Amino acid sequence: MSDQSCIIITITGASASGKSLIASTIHRELCNELGCKDIGIIAEDSYYKDQSHLAFEERIKTNYDHPNSIDRDLLIEHLQKLKQGISVDIPVYSYVEHTRTSEVTHFSPKKVIILEGILLLTDEKVRRESNISVFVDTPLDTCFIRRLKRDMEERGRSLESVVEQYNKTVRPMFFQFIEPSKRYADIIVPRGGKNRIAINMLKAQIMHLLGKN
Ligand SMILES: Nc1ncnc2c1ncn2[C@@H]1O[C@H](COP(=O)(O)OP(=O)(O)O)[C@@H](O)[C@H]1O
Ligand SMILES: Nc1ccn([C@@H]2O[C@H](COP(=O)(O)O)[C@@H](O)[C@H]2O)c(=O)n1
């Protein structure tokens, strides 16, 4: 598989803005047209640094909204290998343990890779690997309500811990790093995961880059 035959779509925005929903919607709908083996999703969260050498009490002190919390070298290495047609083993991350598990997901090269995560466009090397960059622009109060619900239901968090983390790191890092990265986006999607027109436009652009229209 040559460089040109792998298209990378980077979807970024605040936590709980709807990045995963857009990614999974495009994935599901393009599966029918391209075949599921040719399209895949990679979450930046899978590349949070391994913290298994730290005690749990130390791991919860990490600022997970700062670019330094991500193993950027491994992410870039994986994107470049996939573009060269080489399979990679993606770490499986636990939000409950705040570190990588002992498992990996085997990921083979694809025609289309949807990369989603909060800090992707803050990194120049990731920007260089991306063919289309999208910023999901959902109001922060909406994101906070969604995050509170999700983190309590799916990530084993208490109401107090979600509120404390939000005030201490999530909100400040959004304004310091994530919001300014919007200027690197090709497309800004208001409202988030259910913006049908934006999803249709993205699908059409992907098909165009693949030479399918
Ligand atoms: N447009 C929307 N309307 C209602 N709920 C939404 C919408 N977009 C996302 N959600 C919900 O909000 C939560 C966070 O969305 P998700 O796509 O996982 O965000 P992100 O990947 O940006 O963190 C999920 O429970 C999802 O189902
Ligand atoms: N151990 C961790 C690792 C990450 N987070 C939070 O996840 C958010 C990014 O994921 P989204 O699916 O919401 O985009 C980020 O804001 C981190 O604060 C965490 O709480 N614990």
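Remember, predicted model here, so these are calculated numbers, not experimental data.

Let us now look at the pairing of strand β6 (residues 132–137). Of all six residues making up β6, five are buried, and the element is well covered by its neighbours. Here five bridges tie strand β1 (residues 7–13) to β6, and the two strands are oriented parallel to one another. Paired with G13 across the strands is V136, a residue of β6. The sheet contact formed by β6 and strand β7 (residues 187–190) spans four bridges and is parallel. The residue bridging V136 from the neighbouring strand is V189, located in β7.

Another point: the confidence of the model for the protein. Do not read the fine detail of predicted coordinates wherever pLDDT is low. Looking at the protein, the pLDDT average stands at 95 and 98% of residues meet or exceed 70. For this predicted complex, the interface score ipTM comes out at 0.98, alongside a pTM of 0.96.

Now for helix α7 (residues 196–209). Between its first and last C-alpha, α7 extends 20 Å over 14 residues, near the 20 Å set by a 1.5 Å rise per residue. Considering only its buried residues, α7 is in contact with β1, α1 (19–34), β5 (112–116), β6 and β7. One or two steps after α7, the chain reaches G211, where phi turns positive at roughly 75 degrees.

For the rest of this paragraph, the subject is the environment of F175. If you trace the backbone, F175 turns up in helix α6 (residues 159–178). Placed 159 residues apart in sequence, F175 and A16 show a C-alpha to C-alpha distance of 15 Å. Setting aside chain neighbours within four positions, we find F175 in contact with L140 and P180.

Okay, the UniProt feature "domain: Phosphoribulokinase/uridine kinase" (unreviewed entry) in the protein next. Here, the residues flagged by UniProt with the feature "domain: Phosphoribulokinase/uridine kinase" (unreviewed entry) are residues 8–197. Within residues 8–197, the helical portion is 39% and the strand portion 22%, while the C-alpha atoms at the span's ends are 20 Å from each other.

What follows deals with the pattern of salt bridges. For the structure on display, the rule yields 18 salt bridges. For the salt bridge of D71 with R100, the shortest nitrogen-to-oxygen distance reads 3.2 Å. Of this pair, D71 sits in the loop between α2 (56–59) and α3 (72–83) while R100 sits in strand β4 (residues 99–107), and the two are 29 residues apart along the sequence. Two residues, E179 and K182, come together in a salt bridge whose shortest N-O distance is 3.4 Å. For E179, a relative accessible area of 31% gives the class partly exposed.

All right, on to a nonpolar patch on the surface then. On the surface, M152, L159 and V163 cluster together into a nonpolar patch covering about 220 Å² of accessible area. Within the element layout of this structure, M152 appears in helix α5 (residues 140–154).

Glancing now at the UniProt feature "binding site: ATP" (unreviewed entry) in the protein. UniProt records the feature "binding site: ATP" (unreviewed entry) at G13, A14, S15, A16, S17, G18, K19 and S20, using the numbering of this structure. Note on placement: A14 falls in the loop between β1 and α1. Taking the relative accessible area as the measure of exposure, A14 reaches 5% and is therefore buried. Among residues more than four places away in sequence, those in contact with A14 are K19, I118, V136, L140, C143, F174 and I178. One can find G18 in the loop between β1 and α1.

About the cut-offs
- Residues numbered from 1 in each chain as written.
- Chains lettered and ligands numbered in written order.
- Predicted model: local features only at pLDDT ≥ 70, side-chain atom pairs only at ≥ 80, totals over all residues.
- Heavy atoms only, no water.
- Buried < 20%, exposed > 50% of the residue type's maximum accessible area, 1.4 Å probe, protein only.
- Helix = DSSP H or I, 4+ residues; strand = E, 2+ residues; numbered from the N terminus.
- Pairing = 2+ DSSP bridges.
- pLDDT = per-residue confidence, 0-100.
- Expected span 1.5 Å × (residues − 1).
- Contact = heavy atoms within 4.5 Å.
- UniProt positions renumbered as here; feature names shortened; annotations may be inferred.
- Salt bridge = Lys/Arg side-chain N within 4 Å of Asp/Glu carboxyl O.
- Patch = residues over 30% accessible without salt bridge, like charges linked within 9 Å, V, L, I, M, F, W, Y side chains within 5 Å.
- Areas by Shrake-Rupley, 256 points an atom, 1.4 Å probe, with all protein chains shown as cover.

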